[in-house]
Amino acid sequence: MRAFQRYWRLVRGLSLSVEGCVVDEAGCVLMVREENGGNWELPRGNVRENENLESALRRVLREAAGIEVNGQPQLSFFHAAGANGQTGSYLVRNWRPITGWEGEPRRFFPEKALPGDTAGEQAERIRRLLQDRTISQV
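What comes next is a walk through the structure. In this text the structure is predicted, and so the values were computed from the model without any measurement.

### A few points about the pairing of strand 2 (residues 29-33)
Walk down a regular strand and you will see the side chains alternate between the two sheet faces.
Moving on, step 1. For strand 2, the buried fraction is high: four of the five residues fall into the buried class.
Moving on, step 2. Pairing geometry for strand 2 and strand 9 (residues 106-109), over four bridges, is antiparallel. Looking at the pairing, Met31 lines up with Arg107 of strand 9.
Moving on, step 3. Where strand 2 lies against strand 3 (residues 40-41), two bridges are found, and the strand directions are antiparallel. Looking at the pairing, Val32 lines up with Glu41 of strand 3.

### As for the sheet that holds strand 4 (residues 44-46)
Moving on, step 1. Ordered in space as 4-1-7-6, the four strands form an open sheet in which the pairing is mixed. One side of each edge strand has no neighbouring strand; the edge strands of this open sheet are strand 4 and strand 6 (74-80). Each strand of the sheet is rotated relative to its neighbour by a mean of 25 degrees, with strand direction disregarded.
Moving on, step 2. The strands touched by helix 2 (residues 53-65) are strand 1 (15-22), strand 4, strand 6 and strand 7 (85-92); relative to strand 1, the strand with the most contacts, the crossing angle is about 60 degrees.

Rules and cut-offs
- Residues numbered from 1 in each chain as written.
- Predicted model: local features only at pLDDT ≥ 70, side-chain atom pairs only at ≥ 80, totals over all residues.
- Heavy atoms only, no water.
- Buried < 20%, exposed > 50% of the residue type's maximum accessible area, 1.4 Å probe, protein only.
- Helix = DSSP H or I, 4+ residues; strand = E, 2+ residues; numbered from the N terminus.
- Pairing = 2+ DSSP bridges.
- Axes fitted to C-alpha atoms, helices over the stretch in contact; angles between N-to-C directions.
- Contact = heavy atoms within 4.5 Å.

In C-alpha cells:
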C-alpha cells in the first residue's frame, strides 16, 4: 500500500498555492484584478520548489500587490483548488505598501461590498478569514 501511495503522489501531481486576505485599518479587503481586466480576486500564487508557504505568501504579495508583510501572517485554513491543488489561505493585518498604488489593478473593498464578479466560494473564504480564527479553530 505504501508503494502505491508514493507512486500515486508522483504521477498525480499536486499543486500548492497561497492566497492572502490583506486587511486595512478600516477592515476592507485588498483585491487585485486578474490580467487583461478580468475578475477581482485575493492576491494568489503558486508555491515554488524549495519555498515554504509563508515565504511564498510574502513573495506573492510583494509581486502581485506591492505590499510587504510585517510580522507573522496568520494561516487560517487550506482549501481545495481544483482537482489536484491545495491553497493555504492567510489573514494579513500587519503590512505596508512598497510601491505606488496609482494605476495599479488593486483596490480595497468592504466585506459587504465586494465586486459583483467575486465568486461565491471566494466571498465565503473572505468571510471565514475575517472571522480571525486560526487553522486549529476552523
